[in-house]
Each structure stands twice: as C-alpha cells, then as structure tokens.
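Read off the chains here:
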Amino acid sequence: MSERMTEILKGVNQPGEKEPTYWKSLKQLYNDPEFIEASHHEFKEGVKDDFEVSKLSGISRRKFLALLGASAALAGAGCADYRDRGEIIPYNKKPEEVLPGVPNYYASTLNCKCGGGVLVKTREGRPIKIDGNPDHPVSQGKVCAKCHASILGLYDPERIPHPLKKSGSGFEKIFWDRADNEIKAALSAAGDKEIAVITHSIYSPTSYKVLQDFVSKYPSAKIYSYELFNEQVRNSAWQKSYGSGVAPLINWDEAKIILSLEGDFLGTDGNQIENSRRFVKGRDINDPKNFNRLYVVEGNMSITGMNADYRFRLRPDAQLEFVLALINEIGGKLNSGKISNYSLSSVAEKYSLSEEKLKLLVNDLIINRGSSIVYAGNILSEKTHIAVNYLNEILGNTKLYRHELAEPLIPLSSFNDLKRLTSSMKSGRVGAVIHFDSNPVYHLPVDVGYEDAIKNVELVVSLTELESESSFLSHYVLPINHALESWGDYKTRKGFYSMQQPVVSPVLDTRQKEAILLNWTRDNSEYSDNLYLDYLKSNWQQNIFPALNAGMSFDIFWVGALHDGVVLLNEPKAFSGSFNTSVLSEIQTADNVSGFVVALKEHPFLSDGRYANNGWLQELPHPVSKITWDNYAAISNSTAKELGVENNDFVNIEVEGRSLKIPVFIQPGSSDNTVTIELGYGRTHTGTVGKGNGFNANVLISPGSRLSPFLISAKVTKGDGSYKVVTAQEHHSFDDDLTKDAIEKRGIIQEGTVSEYIENPEFLHEGKEHKLTSLYPGYEYTGLKWGMSIDLNKCTGCSECVVACISENNIPVVGKDQVDMGREMHWIRIDRYYSGSVDEPTVSNQVMLCQHCDNAPCENVCPVVATTHSPDGLNQMVYNRCVGTRYCANNCPYKVRRFNFFNFRDHYDNGYQLEQLFSLVYNPEVTVRSRGVMEKCTFCIQRIMKAREDAIRDNRELKGSDVTTACQDACGTSAISFGDINDRESSVSKAREHHLAYHVLEELNVRPNVTYLAKLRNTHKERV
Amino acid sequence: MNIQNNLHTAKTINRKNFFSKVSKSFLGILLISSFPFNLFGRNSSSKNIKVKINPLAVKREKDVRKND
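Each residue is numbered by its place in its chain's sequence as written, counting from 1. Both sets of labels track the order of writing: A upward for chains, 1 upward for ligands. Two thresholds apply to this predicted model, a pLDDT of at least 70 for residue-level local features and 80 or more for giving and counting side-chain atom pairs, whereas whole-chain, interface and lining totals are computed over all residues. As a rule here, side-chain values cover all heavy atoms of the structure and leave hydrogens and water aside.

Enquirer: Before we go on, may I ask you to explain the sheet that holds strand E29 (residues 786-791) of chain A in this structure?
Expert: Consider a sheet: its strands pair through backbone hydrogen bonds, and that pairing is either parallel or antiparallel. Residue and element names in this part refer to chain A. We treat two strands as partners when DSSP finds at least two bridges between them. Strands here mean DSSP runs of E at least two residues long; helices mean DSSP runs of H or I at least four residues long; both are numbered from the N terminus. Strand order across the open sheet formed by four strands is E36-E29-E38-E37, with mixed pairing between neighbours. Both outer strands of the open sheet, strand E36 (976-980) and strand E37 (997-998), are each paired with one neighbouring strand and no more. The pairing of E29 with strand E38 (residues 1010-1013) spans four bridges and is classified as parallel. What sits directly across from Ile-790, in E38, is Tyr-1012.

Right under this line is the structure:
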C-alpha cells in the first residue's frame, strides 16, 4: 500500500489540507483495475460495436431480396395503422384564452410537503412545465423535484382511463353511471356495518366538508387517515414536552450553529425547499463573517451530511445516548445540571467519535446559545426528540422556533386504530372500504394485517389515478383526476389558503375524487362536471369568505384568489407553553446498543412510492449514492467486510419473523453495523415504469419497535446471489496516465475555509497565476454575451435543476440497462466527489453542464459543422446537420455531450414515450431528438429566443435579465445565476469577478462561460 | 392473328380463381395489419386524446418572475 493510500485511510485527506485526493467511488480510491481500464476509454464497454466484416451474415443474394420484399410488404401492412397526427387546422373555433404559440400560466397547488404552490405553463391548453408560484408565501417561486416531475403523471399512458369492475381474476370496463348506482346501493345496504374511508392527510377544508357530508349520509362511515412518513413521533414528543400543539418550524437562517442528529432537513425531513432557502442565507460569500456552521451526526450519508462542516458517524440507535451526554456536558458548563449518567467522553470513546471535534461542538453551542439549533431526524425515538427539545430549551434556542404549521383536519390514525380496523374487517363488521386516493395495502406495516383483512370485506372501492396494490384487491376501481385537473383548497400553514384549479380539463374519463364521494351522498341527482367546483365555491362563499372581510364581491374575490393561487389571512401564530421538566424522568436511560440496526428512510424522489411510475424520478441519480432505478441497503465498508459482502451482493435482514433480501451498497461515511434502506420501491402493482424496481422494505416497518417504527434492531446475514444496482457515480470519468489525479491537480474542485478567505480573499488563486496563450485570434463579443455562475456554497446537491432541465428540454428516459452503459441523457448532472477517508469522507458537489466555451474544443472537430458558436457566446447544436460521429463528445473535456444511441422514446419499454398521451408532455419549443444525434445543454436557447422576440416586438434592446434558464428557475437556493457577462451590473458578471470564482479546467484555455464560486467550509481555524 | 393465338394459348386465370385470390389477399393483409403488429405494440387505452382547457380556471398573462 502506498504511503498516500495509508494516509487517506487514516483520514489525512481533508479539503483544507494540501492537495487532497478526491475520489468518486471506492473503486477509484483503491485504483481498482476495472475502474482504471474503464477510465481509459471514452465510452463504456459495449457502447460502441466495432464493424467487423467477418462477423457479417453470409446471407445469399436470393434470400436477401426475398427478405427485403417480405419486409417491405409487412412494413406496408404495418404502416396502414399509422399514428394519427391530429387535425390540419387545429383551431376552427379558437378558445378565447389561447393564442397559438403564446404560453399561459396558471397558479395552482400540488399536495406536497414542499408547499406545492405552483405556476403551470401551458401551451395551446396543454400543461408543459411546472415551476414554483412566486406569490406563494412558502414556495416563493420554488418547488421540489417531485413537483417538477409530477407533470409527467398527468400524461402517464398507464393512468386508468375509465371505471373498472372486478370480473374473475381481472377487471372489466364499466360506465360511471353503473359504477355509481352499484356502489350507492351497496353502501346503503351496508346498514350498521362500518364503512371505512381510508385517506392520506386532509389539509383541504372543503375536502374535509365532503367527508363530513359522507359520514352524515352514511352514519356508519368512519374516516381513517395515515401517512407512511409523518411527524407523529416528533409531535408526540413535543406534546409531552410542552403540553400542546405540534412541533414548530425552525428559522434556519437565524441559526449560527446547527446540529443535525440523523436529520435530513436539506433532503427529506420537513419542507426541504424552505429549509434549504433559509439555510443558505447563512452561506453568503459576500458576508463571510456571518457564515453558519453545520454539524451533522448520522449513521448514513444524507444530503444534509454532504453539506456538513463537521460530520460524525454514529449509529442512529445511539443518538439518545449522545444527546443525553451532550445535555450533561452543556448542562455542567451552564450550571443547569445533569439529567443522566452519560458523559461525552465515554460516548466519544465508545463510538470512536473525535473528542476534539466534540469539544468544538460544545463550545460552539454554548457560545452561540440563543442562536443555535439542535434538530433530530424523523426516524429517531420519542425519547430522543424530548431530549433534543430540552437541549434547545437549556441553550435558549426556542426563539428560533416558528409556530406556523397547521394540523391536519383529520388527526392521523395510530397503528392501534388501524389494527382495530383490520380486526373488524376480519370479523365481518366492516361492510365497505373506500381507498380515497390511498394505497394502504402497500404502505401499512405487515403487523397491521391489512392485506389479509381486506379480502373479507364485501365492497372495496379504490379511487386512484394508477393501478396500485390496493386497487388490485378492490371490487371497483374508479379513476380520479390528476392534481392539475382538480379543484381544491389547502391550508397547510397558518396565515394563508393555497388554491388549486384545473389548468386543463380531464384528459381521460376521470372524475375528481371529492366529486365521486359527493355524488354518492346525493339522492337521484345527475352527476355534473362542475359538481365539486360548485360545492367548493359554495363552501367558500358561505363559510370562509365572510370571515375574510375582503371588501369586495365574492365573484371578484374568487377570480383574484385563483389568479394569485393564495389567499392571505391575518392569523395569530403565537405559541405559549413551557417545558415540562417532569418528562425528563422518562428519558434518563438509553437502550443498550448492540447488533445491527436498520434505519428505514424516505427516498428523496419516490417518497412513499407514489412517484414510482415516474420515469424522470426513477432515472434521477440519487443525490448521495448516484444510484438510479433501485433501492439498496447502504452499509459501511467495515460492515461489508464483516458480513463478507461486496457491492450488489444480497443480504438477508430479519426483523421479528419478517425478512427482506436486498443488495448492498457500500456507502462511504456510514456507521458500522447500520443498514439504511430507503422506502418507496418494490411496487408490485403500478405502471410498467415503476413495477419491479427495487425492493419493498415496508415489510420491515415495526410499530412495536422499542426505538421507532422506522428504526429497528435486526439480524443481518449474507444472502445468496447478487443483483446489479446501477450507479452513475463513475460515469463520465475519463483519465489516462497523463491526466491521472486530474481532479486535484487540475483544480476541478477548488475549496477553502471561511477563515482562510477572511484572512486572504485571494487565497484561491494566489500562486496559481498563469498566462494562457492560444493559436486562435480572440473574438470580441461586443454585445450581449450569455454566461452562468454557480455558487457551490449554495448548492446542496438536491437535483431539482436536473428534473427541471428534463422537463424543459424533452430529455428522454433511457431505462436502467442504458444507464448501466453510461447512456443517460441528462444535460445537467451533479458530480459528487469525496475527499477524506472511506469512513470519514467529506463531500464536494459540483453541478456540471455544457460550459459554452469560447474556444470550444467540440466545435473544431465536427466534420459537418453541426456544432457552432453564436455571436452571443452560445455553443450551439444543429441537430439536422449532426451525423453522429461523436468526435465532439470525445473532444469535450467536461463530458457533457449526450449521444442518442437509439431513438430512446421508441427504445425504452416498447415505445412507452411514443404514446399519444405521453407525447403531450413535450415542450413544443424544443426539438425532440432522434437516433444518431448528439445533444447537450443549450442554455435554454428557446427562452433566449422568446425574450429576443419580445424585445423586438417592444422595440427595445434584449437584456441579460430578460432570460432565466430552467435550472436557474428551479434551484431552491438560487445557486445558479444566468445573464449577460458583458453587463457589469449583472449578478453573473459580478460572480465572474469574485475572489472565489474559478473555471473548471481553466488551463486548457477553452474559456468556459460557466463560472463556479468555490465552496467555503466553516471549520475552525485550528486544525482538528 | 398471332397475337390472338398467343392469347388463347397463354395460361389464363379464370374469373372465379381471380376473385378468390383477391379476397384471400385482402383478408391476409387485413389480418397482418391488425393482429401481429398489435401483439408487440403497447396495449394503450390512451388513443385520440383531446386536450381541452378549463374555461373556469383563471390564467395569468405571463410569468412574473424576474432574473435578479
């Protein structure tokens, strides 16, 4: 082993040290021969097939002609059923709202924990893009990756197009009238038997009223509400600590010191968009003295962990011990006393935590008391949450709390409630079950026994968009509207209502779920399309509007509410409660830690599995592991060795008689004997995109766990066989002997510390000055010149920009097999580099896209001039000229060009993306590329052209500020700036002149127009 | 004269046989175009989709976001 390698394994490789070695994967770190061999080649093995005459078929002339004739005849016959291209004159009667070629925007709301205030862009009545609603108090113009991708759900060709009734082992198509009549009759016949309506959280006051009306009509009806991922443990801990209310939101922007315990507040915990936006306010490079400092203690690398200044790896079941020790340490120094017998030094020794780093943490928390915050993750036990509440209390951090969350209108059912329901089902006391857009068969823990119990119910009705595990076991399946086809109102926070309106009429024979239920409450009246709209307006007019004192007529108010998407209220948000110290007696002792612990977490994109059939989200590389299309068991390197497994090998996980076989992935930074699995995979009944991907770890959820339902002690053993998990983390690595170790030598990642920057703002470039010469004469850009800057201090690696780019630029889904060959088509990617050791890595993220180089090396080598340079600095692609030599991709030092090895729309899943319904998602302003064509980021040229047309129409000069790119619009932390780099006042121009600005591979003199602002880590000046 | 002789001697197809072959060919093409290709195609139920705007929704004229 080399001396350097020994140093790395010891952890002497942190970014602040001299020339750290960056690595993307363990294979690269260990100089695995397979990785080294692969990195010598431009394309992955099997991507290009050499042309060998000897391998050609020896078919005879006669047979060839016969086959040609037969093929022509068959093709002729096959083409007889050609695809309908629509009317030649689309608008004989043009709708008043539509101007061909001019987009309309509608404000609406999606039911998402990111706030879901959206602005939907439509073209000729067709929704094509979702962005955040800038008027929405929570969204403030930004939404999460799931919201961006949810437009694909509207055009999912596998949406259920009409009502279905169970017939034998399958389903038959029926009409709505028949379904309504039969179900109404069955509900009336239920008599005293319970009618169970099972729903997710209800935040809509009008939906709630519909459910109440339903209960009035059918008095035996009972409403059950559940969420797979919820804040019940956090809230119950809050109520024990403070007596009432729900756990507060946190003003992350006011926190100087943040300690996150197994919490992913920048990823999956709470509102990631709002949290990130507030968090990066403390990462402003123009105000380095007010940088916040993030400490993370966790068992598996999370998005928050990737952004930590100091990270400790600790198994999640030891968190209570850690917090109790921290309370004692801080309590001792603040004279607030000890509450247990744990000491920080013994905990540090027991779990191999750096005592020096812990001292820095303790000092930071004490010095910054009142402006620091300790945050516990959702999966941790109630005791840990109580301990964290107390710690914040003694540190005086409660002033950072914000009491704005509204409680769900129907309290979430407990596991015991659901168990009682299944017990009633089994004993025949339940006459009907209605799945109100929920999927309890997939979501509920095995202990609840729902799947078996439902078979005893005479009438099971599922209201759903797509086939699900629950609809499969139903007698009637009723298709419901997508959120973009629905009316509604939401109240998720105090202070405003969020309005939902249909931006398109239902594209299939579906109905709004509330309207279906409402229709069953009415006697002998015909269903009308506006049934729920009339009900909604009537509820607002009678019950909500009068209290608003709006000072206008209801009709005017209603139009304004829909236009803005929000209705603001003046509501009190104060909370008065004091910490109940008697609760401390419950948390004095932590459970013994031994064996393996399994942590079940929310997937950042698929959530609880409801987005499983969304190809954009399935193919989006995981922010940390970069794995696509599957979930996996993340374990540490040492644990892998102990179990005798490598990446892709199966392990068996056993919990209380239940077991799961799942492949492992060695995740740097994981704690030993900890297995982390993200849920949402292993769907057996959904569309073809989501079916069969990954493994259903819901079977491990344990309501009876002594820790929490998602944190379980388990037996883990090596399993038989393996399963290939595909990761994009090593893609686009291209090193040869000359450029080996390029990342550190070439400064692809450049970073420093806040103290370095304050002492010497020029530290990044000092000693590295060089003069670059070129063979080519320079080109003077006298007018507007487009450029982008990316602030790596604000980039959390969340991938919202990637989904927005997919949606804007018609990027196809290629499938797992093609991702495995390095053929994913994303124009923008997030490269994740590790430094440090395998056990204690530090992460650096870098957004990588076409750099639109002034001296673009791709342009020189194109034999057909398919890639050229525009006078405003854009590196352009002319798809019609491209003949697919791939010379440009070969010559691109950033590896950002993507080649269409197939017509992926046709190739993926038997033409899934060529379905007529799916085709409606495409942005008509962007060319849909086909096989044999190279493509790459265009800086959203269609938006630039639109702005140019507007400027010409208005007889004014085009300005850099007239254009935003899709990735820039989507970035929740506003890390991306775009504009005219010749305009000295533009933010992108200022970024280029910043002390921390650098260009990747600057020494190649390709003169890129994407500027990176180097990441600063707020570590202590003194080395640890 | 020779031509007429040739016409009489050439192998001709009788009227019944001709119509029988035409019908069989038509049926064959109909079968080929309707059956085997659909076996491999997606079983889609989303054909002839019409997009209709909802006239009761309230639009915005333009995106009001600014690039700052």
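Here the narrative resumes.
Enquirer: Hey, could you run me through the side chain of Thr-422 of chain A in this one?
Expert: All names here are of chain A. One can find Thr-422 in helix H15 (residues 415-426). A distance of 2.8 Å separates a polar atom in the side chain of Thr-422 from the backbone oxygen of Lys-419. By definition, residues are in contact when any of their heavy atoms lie within 4.5 Å. Sequence-distant contacts of Thr-422, that is, excluding residues within four places in its chain, are made with Val-448, Gly-449, Tyr-450 and Ala-453. Within 3.5 Å is the distance limit for a polar contact, defined as a pair of N or O atoms, with the added protein rule that one can donate a hydrogen and the other accept it, and that residues adjacent in sequence qualify only through two side-chain atoms.

Enquirer: So what exactly am I meant to see when it comes to the pattern of salt bridges here?
Expert: All names here are of chain A. Should a side-chain nitrogen of Lys or Arg be within 4 Å of a carboxyl oxygen of Asp or Glu, the pair is scored as a salt bridge. Following the criterion strictly, the structure yields 55 salt bridges over all chains and no others. Put simply, Arg-493 and Glu-404 hold a salt bridge, and the shortest N to O gap is 4.0 Å. You can see Arg-493 sitting in the loop between strand E17 (488-490) and strand E18 (496-500) and its partner Glu-404 sitting in the loop between strand E13 (401-402) and H15, a full 89 residues away along the chain. Of the two residues examined, Arg-493 and Glu-404, each falls in the buried class. Remark: exposure states derive from per-residue accessible area (1.4 Å probe, protein chains only) relative to the maximum for the residue type, with buried under 20%, exposed over 50%, and partly exposed in between.

Enquirer: Is there a simple way to explain the sheet that holds strand E1 (residues 104-109) of chain A in this structure?
Expert: Strand order in the open sheet made by the four strands is E3(A)-E2(A)-E1(A)-E1(B), with antiparallel pairing throughout. Edge positions in the sheet fall to strand E3 (126-132) of chain A together with strand E1 (59-60) of chain B, since each has one partner strand and no second. As defined by bridge partners, E1 of chain A adjoins strand E2 (residues 117-123) of chain A across six bridges and the pair is classed as antiparallel. What sits directly across from Tyr-106 of chain A, in E2 of chain A, is Val-120 of chain A.

Enquirer: I tried to follow the packing of aromatic side chains on my own but got confused; where do I start?
Expert: Between two aromatic rings, the relevant description is the distance of the centres plus the angle of the planes. Residues and elements named next belong to chain A. Two aromatic rings, drawn from Phe, Tyr or Trp (for Trp, its six-membered ring), form a pair once their centres lie within 6.5 Å of each other, and the interplanar angle then sorts them: stacked below 30 degrees, edge-to-face above 60, tilted otherwise. According to the stated counting rule, one finds 34 aromatic pairs over all chains in the structure shown. Ring centres of Trp-252 and Phe-265 lie 3.9 Å apart, and the angle between their planes is 5°; this geometry places the pair in the stacked category. In this pair, Trp-252 sits in the loop between strand E8 (249-250) and strand E9 (257-261) while Phe-265 sits in the loop between E9 and helix H9 (272-279), placing the two residues 13 residues apart along the sequence. Considered together, Trp-252 and Phe-265 belong to a single accessibility category, that of buried residues. A ring pair is formed by Phe-265 and Phe-279, whose centres lie 5.9 Å apart and whose planes are at 70°; its orientation type is edge-to-face. One end of the pair, Phe-265, is in the loop between E9 and H9; the other, Phe-279, is in helix H9, with 14 residues separating them in the sequence. Side by side, Phe-265 and Phe-279 carry an identical accessibility label, which is buried. Members of the aromatic cluster, joined through ring pairs, are Tyr-497, Trp-540, Phe-545, Phe-554, Phe-557 and Trp-558. A positively charged side chain is recorded as over a ring if its NZ (Lys) or CZ (Arg) lies within 6 Å of the ring centre. The angle to the ring normal must also be within 35 degrees. The residue whose ring lies beneath Arg-511 is Tyr-527, and the NZ or CZ to ring-centre distance is 3.6 Å.

Enquirer: Help me out: how do you make sense of the packing of helix H6 (residues 176-189) of chain A against helix H19 (residues 513-521) of chain A in this one?
Expert: To describe two helices that pack against each other, one gives the angle between their axes and the distance between the axes. Residue and element names in this part refer to chain A. Orientation is described by axes fitted as lines to C-alpha atoms, over the contacting stretch for helices, and by angles from 0 to 180 degrees between their N-to-C directions. Where H6 meets H19, the closest approach of the two axes is 10 Å, and the angle between their N-to-C directions is 55°. Here H19 runs oblique to H6, going by the angle between their axes. Considering the relative orientation of H6 and H19, their crossing is right-handed. Note on element contacts: H19 touches H6 through Ile-516, Asn-519 and Trp-520, opposite Trp-176, Asp-180, Ile-183, Lys-184 and Leu-187. All residues other than Ala, Val, Leu, Ile, Met, Phe, Trp, Tyr, Cys, Pro, Asp, Glu, Lys and Arg, Gly among them, are scored as polar; the first ten of these are nonpolar and the last four charged. Considering only residue class, the contact of H6 with H19 consists of five nonpolar, one polar and two charged. Orientation categories follow fixed angle ranges, with anything under 35 degrees roughly parallel, anything over 145 roughly antiparallel, 65 to 115 roughly perpendicular, and all other angles oblique. Each crossing gets its handedness from the near helix: less than a right angle anticlockwise from the far helix is left-handed, clockwise is right-handed.

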